[in-house]
Every structure is written in C-alpha cells, then in structure tokens.
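For reference, the chains in residue letters:
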Amino acid sequence: MERACAQVRSQFGREYELSIGGERVRCERKIESRDPSRPREIVGVHQSATPELARQAVEAEFSFFPEWSRVPVAERVAALLRAAGILRRRKLEFDAWLVYEAGKTWIEAEADVSEGIDFCEYYAREMLRLDGPQPVVQLPGERDELVYLPLGVGVVIPPWNFPLAILVGMTVAALVAGNTVVLKPSSDTPTIGAKFAEVLREAGFPECSFCLLTGSGSVVGDVLVQHPKTRFISFTGSKEVGLRINELAAKPQPGQIWIKRVVAEMGGKDPIVVDREADLDRAVDGVLASAFGYQGQKCSACSRAIVDEAVYDEFLLRLARKVEAIRVGPADSPDNYMGPVINEGARRSILKYIEIGKQEGRLVAGGGAAEGDGYFIRPTVIADIPPEARIFQEEVFGPVLAVTKARDFDDALKLANRSEYGLTGAVYTSNREKIEQAKARFFTGNLYFNRKCTGAMVGAHPFGGFNMSGTDSKAGGPDYMLLFLQAKSIAEKL
Ligand code: NAP
C-alpha cells in the first residue's frame, strides 16, 4: 500500500480530458481536485464541460446506442468480468487514489474498491440470468416469451462519498444491460472517474459506449437531465439535487417520445436503537464504527443513537471514552482512524451543525475542528437531543452523532421512525420478540440487528432507502438490473 501511495502521488497534478463520442476534448475552464488531508496538493486537473458539450455527449451516446444494444449479452458480460479483473489487479492503486482524492483511510478505501469489484461481478451474472428464458406461463397452442431490452441513453451522476463503488455500480449496470452512458463524476472526485474510464476501455467497452463528462453539476446537470434523447437518469447524492432531477425529468421536452426513468438514491438520517437488553459493549462499538467510519460521510452512517433510559448513562459513558480516543489526521497514515471531511464547504457546514447541536443538547465528546492543515473535525457526540431538534432531523453528513433517550423499546422504535428519511437502521437487543417487533415496524430500507448499520455487502444486503432516502433501487440485489431494462412480451400462435 505504501508503494501504491507513492506511485499515485507521483501522478498528482496530471490533466485529464473529456471523452465524447470517442474524441478527447479539452475546455477552457478546469476543475482542480485536491487532497482533503492536504488541500494545497492538487490530485488531478479536469475539464469543466460546457452545456453545449453536455448536449453533444447525449447525442453521441444516442447515435451509438443501436450498435451497442445489439452486441450479444455474453460479450458485454465478458467485458464486465474483465473490468472486475483489472480492478482486482489495480486494487491497491485504486485504494491509494481514494485515500488521496476522497480522504478515505486505508481500510475505508479498501472497502470501497472491493464493493466496486463486487458490483461488476454481480451485475455481470445478473445480466446472464435476465438474458435467459423468463418464467412465463405457456398457453396451449402458443409460444410465450418475455425478453428484456435496454432503454437507451442513461445519464449517470454519482456522489463523491463512494467515488469508486457507486460510480462503478451505476455505470456498469447500465452498460452491461446494453445502454449507452454519459458519466458525470462528482467534481470532488473526478480523477477516480477518469481512472475507471481507463479500466472500461482496457476491458473492451467501446470508446463510444460511454462519455466521460467531468463538469459542475450546476452547469451541465440540467442539460443532461432535460435532453429529449436522455432515456433515464441514475443518480446518487443529496435529497435537494435528487428531487430537482426528478422534477425536471418528469416534464417532456419537444421531440421526446418516452417517460424518463429516474433512479434517485439520496440522503439518510440513520438511527441505531440500543435496547436495555443489549450487549452494551457491542452496541458502543457498532455505533462508533457506524457514526465515525469515513468521518460519518456515508449515506448509511449512524447519525442518531436512540438509547433506552435504563442503559442511557452507561452507554454514553462508554461511548464518550472510546470516541475521545479516536485519532484524526491525514488519511494516508494508517494510524488515523478518521481522515478529513471532503472539502471546505463541508467543513464549514458540519461545524455550523455542531454549534446548533450544542444549543439543542449536551456535548459529551468532540465539538469542533481538529488540528492540522486538512479539513479535520473531531468526532462529536451530543446527548439529550429531542426529536424535533435540527440535528435529529437534518442530514449533517459528517462525524456528528445525536443521542436521544427512549422510555422503552416501543418509544425507541417510534423515535427511530420520526424522520423523512428511511435508509438504514440497526437494533441492538438480545430479545427475540423485540427483534420481531422491529422487523415489522422499523421503517427503513436496510435494517440490521446486533451489527453496525454501515457496510452493506453486494448480494447479501441489497441497498436502497424509503421515503426521502430515494427510490429504493436496491443496488446489489436481484431487482436492480431491471431498472435499466424494459420487458417485451412476445406470443406466437403455433
Ligand atoms: P450532491 O451534491 O447531490 O452531488 C451528487 C452529484 O450530483 C454530483 O456528481 C454533483 O456534481 C451532481 N449535481 C449537482 N448539482 C446537480 C444538478 N443540478 N443536476 C444534476 N446533477 C447535479 O451530493 P454529494 O455531496 O456528492 O453526496 C452526498 C449525498 O449523497 C448525501 O446526501 C448522501 O446521503 C447521499 N448518498 C446517498 C446514497 C444512497 O445510496 N442513498 C449513497 C451515497 C451518498 P458536482 O459534484 O459537480 O456538484
């Protein structure tokens, strides 16, 4: 890993180009991505696409769609499995890019890249399943079939917080289904997008099957979403942007002959319930890892701990002791449990929320910036937070945990559900009846018992949220590929 870090650092400051219809394009305006541990260091220089280039990208993908959609599924699947192999071979290098561009610690980077590989392997096999005969009833005297066809041009807009895994999953699911893609990476992590484009090309995806369009979402986003030739939008990011995309996509444009499909996975305010019958040490470790892993910048991060009053004080005591011992510093040093938050805007917003939280409750750990040149924030725990408080309701997206006291298990479940979000949640209890109650009443897309609420595994924990957390697409599950396909029913009289 140290060698990979050195190798990646030696490539800092390189300039990357857009790729549109197989052509490399440079723009006047650039985006500089920086290492959030050392913001003076420029990781990569990228083109900032114009609205006109965004239009050209959709049109280029529209032209190539007929050809790509006719490539046999087996060939597309083979290319995707090769991409998985390349990622596996370049794993430490990708880990290092994530350490430097996203501020992930070694272990968090490793999990992100591994998930990206899993998505490739999983969607490749899912596509083989969907390419085979589907189980429709055979009427007497007929041959009845159901086949899946790709949709067309997809606009893929990932966030920075899983800059490889989510970008890879959304892109390859669309491509292996036979769609063409305009990929617009997050402006915080464009180098990782550019590096993955190299992988796709090496794996044999044709140059024209996807465009790499770096650029500001606020400049090119609307054009990509509104273009009449855009068939679907696959988005993961904030609630605000997701809702805007959903609204714009709903309005047909002149020349548009379909209803656009929107897959939008958005924010969370994820609770962990700690029952009086829980193994308290296990609960403390689970809450700590869920709240502060990757600095709390996961959509699945625990940002609310809801704790039974019988164990509330003891839980807080044990948690605060461990949180105060967390080391924060540059992500490339494996001694640090937490690295920086992603950028200066995030740092300011999180610090503002910490001040709000101090008014709304009682600070028990952390409470402000940590030392160093990077965007470092101390892991922060604020207790006695009432359910109407802003830090109980609003997504902070940083290392800030609100702790709330519950009267009993029933009250705890009600508090857990008191949110417009519904992405992940967990319950710590040894009581089987309470587990069954929570299974029925805890309203969340991904529910876990006696383990942390982050770290969903592809195939085992299909991922996606309820309510304002999104369209519940269940990435890494058997329903996901269908979002990028349309079914055609065929009946032949014999
Ligand atoms: P974001 O600000 O919404 O940005 C996400 C993507 O949207 C970026 O590529 C961004 O580009 C682009 N964008 C910005 N404005 C746009 C517009 N008007 N039209 C189209 N695209 C636009 O979110 P983020 O800060 O990257 O990510 C954090 C959020 O993602 C959190 O809310 C988190 O909970 C959520 N998230 C959810 C899941 C899930 O599975 N539910 C997973 C991960 C993250 P620029 O970078 O150029 O602005």
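Since this is a predicted model, take the numbers as computed values, not measurements.

**Q** Explanation requested: the overall build of the protein in the structure shown.
**A** Along the protein, the regular secondary structure elements total 15 helices and 21 strands. Its C-alpha atoms give the protein principal-axis dimensions of about 70 × 60 × 40 Å. Looking at the protein as a whole, 58% of its 494 residues qualify as buried. Summing over all exposed atoms, the protein offers an accessible surface of approximately 19,500 Å²; the carbon and sulfur share of this is 52%. Treating the 61 positive side-chain charges of the protein as one cloud and the 66 negative ones as another, the clouds have centres 1 Å apart.

**Q** For this particular structure, what's the right way to read the site of the ligand?
**A** Close contacts around the ligand come from 32 residues, with S187, G217, S238, M266 and E395 the closest. Contacts to the ligand include K184, whose side-chain N or O atom sits 3.1 Å from an oxygen atom. Note that an oxygen atom of the ligand is positioned 2.6 Å from one of the side-chain N or O atoms of S238. Taken by itself the ligand offers 910 Å² of open surface, and the protein chains cover 87% of this. Judged by the proximity of its atoms to the pocket grid, the ligand belongs to the largest pocket. Within the residue set of the shell around the ligand, elements represented by two or more residues are α8 (217-226), β10 (230-236) and α9 (239-250).

**Q** Teacher, can you tell me more about the pairing of strand β12 (residues 270-274) here?
**A** Regular strands place their side chains on alternate faces of the sheet. For β12, a buried count of five out of five residues is recorded, marking the element as mostly surrounded by other parts of the structure. A two-sided burial pattern is seen for β12, the buried positions comprising D270, I272 and V274 on one face and P271 and V273 on the other. Sheet analysis places β12 next to strand β13 (residues 302-308), joined by five bridges and oriented parallel. Across the sheet, V273 pairs through a bridge with I306, a residue of β13. By the bridge criterion, three bridges tie β12 to strand β18 (residues 424-428) in an arrangement that is parallel. Across the sheet, the residue bridging to V274 is Y428, located in β18.

**Q** Hey, could you run me through helix α10 (residues 280-292) in this one?
**A** Given 3.6 residues per turn, any residue in an α-helix points the same way as the ones three and four places further on. With 13 residues, α10 ought to run about 18 Å at 1.5 Å a step, and its terminal C-alpha atoms sit 18 Å apart, in line with that. Along α10, the residues classified as buried are L280, A283, V284, G286, V287, L288, S290, A291 and F292. Close packing links the buried residues of α10 with β12, β13, α11 (312-324), β15 (380-383), β16 (400-406) and β18.

**Q** What's the story with empty space enclosed by the protein in this structure? I'm lost.
**A** Taking a probe equal in size to a water molecule and rolling it over the atoms shows the remaining empty space. Here the structure, examined in full by the defined rule, presents three cavities of 30 Å³ or more. Of the volumes computed, that of the largest cavity is approximately 90 Å³. Residue lining of the largest cavity: 15 residues in total, with G296, A301, S303, E395 and F397 positioned closest to the centre. Space inside the second largest cavity adds up to approximately 50 Å³. As for the second largest cavity, its lining consists of 13 residues, of which P271, R304, Y421, G422 and T424 are closest to the centre. For the lining of the second largest cavity, the elements supplying multiple residues, two or more each, are β12, α14 (409-417) and β17 (421-422). In terms of residue class, the lining of the second largest cavity is made up of six nonpolar, four polar and three charged.

**Q** Please explain the state of the cysteines as it appears in this structure.
**A** Among covalent bonds in proteins, the disulfide is the one between the sulfur atoms of two cysteines. Under the counting rule described, the total for this entry stands at zero disulfides. The closest cysteine sulfur to the non-disulfide-bonded C211 is located on C208, 7.9 Å from its own sulfur. Unpaired in this structure, C302 has its nearest cysteine sulfur neighbour in C453, at a distance of 5.0 Å.

**Q** Any chance you could explain the layout of surface pockets here in plain terms?
**A** Reported here for the largest pocket is a volume of approximately 970 Å³. As for the largest pocket, its lining consists of 43 residues, of which W160, F235, G237, S238 and V241 are closest to the centre. Counting residues per element, the ones that place at least two in the lining of the largest pocket are α8, β10, α9 and α12 (344-360). Class assignment of the residues belonging to the lining of the largest pocket gives a composition of 19 nonpolar, 14 polar and ten charged. Mapping the lining of the largest pocket onto the domain boundaries places at least three of its residues in each of domain 1 (2-266 + 472-493) and domain 2 (270-457). Of the voids in this model, the second largest pocket is the one considered here, and its volume is about 810 Å³. Looking at the lining of the second largest pocket, the elements with two or more residues in it are α5 (106-131), α6 (165-176), β10 and β11 (261-265). The element that contributes the greatest number of residues to the lining of the second largest pocket is α5, accounting for ten residues. Broken down by class, the residue content of the lining of the second largest pocket amounts to 22 nonpolar, 14 polar and eight charged.

**Q** Explain the sheet that holds strand β4 (residues 30-35) here, please?
**A** Through backbone hydrogen bonds, the strands of a sheet pair up, either in parallel or in antiparallel fashion. Spatially, three strands are ordered β1-β5-β4 in an open sheet, and the strand pairing comes out mixed. Edge positions in the open sheet fall to β1 (14-15) and β4, since each of these has one partner strand only. Two strands pair when backbone bridges link them, and β1 and strand β5 (residues 38-47) are joined in this way by two bridges, in the parallel orientation. When the bridges of β5 are listed, R14 appears paired with G44. Together, β4 and β5 form the strand contacts of helix α4 (residues 91-102), whose direction differs from that of β5 by roughly 110°.

Cut-offs used in this document
- Residues numbered from 1 in each chain as written.
- Predicted model: local features only at pLDDT ≥ 70, side-chain atom pairs only at ≥ 80, totals over all residues.
- Heavy atoms only, no water.
- Helix = DSSP H or I, 4+ residues; strand = E, 2+ residues; numbered from the N terminus.
- Buried < 20%, exposed > 50% of the residue type's maximum accessible area, 1.4 Å probe, protein only.
- Areas by Shrake-Rupley, 256 points an atom, 1.4 Å probe, with all protein chains shown as cover.
- Lys, Arg positive; Asp, Glu negative; His and termini not counted.
- Charge placed at Lys NZ, Arg CZ, Asp CG, Glu CD.
- Near = heavy atom within 4 Å.
- Polar contact = N/O pair within 3.5 Å; in protein donor to acceptor, adjacent residues only side chain to side chain.
- 1 Å grid on protein atoms, 1.4 Å probe; cavity = no way out; pocket = protein on both sides within 12 Å on 5 of 7 lines; lining within 4 Å.
- Sits in = over half its atoms within 2 Å of the grid points.
- Pairing = 2+ DSSP bridges.
- Expected span 1.5 Å × (residues − 1).
- Contact = heavy atoms within 4.5 Å.
- Points joined across faces, edges and corners; volume = space filled by probe spheres on them.
- Nonpolar A, V, L, I, M, F, W, Y, C, P; charged D, E, K, R; others polar.
- Disulfide = S-S within 2.5 Å.
- Domains from an automatic or database assignment.
- Axes fitted to C-alpha atoms, helices over the stretch in contact; angles between N-to-C directions.

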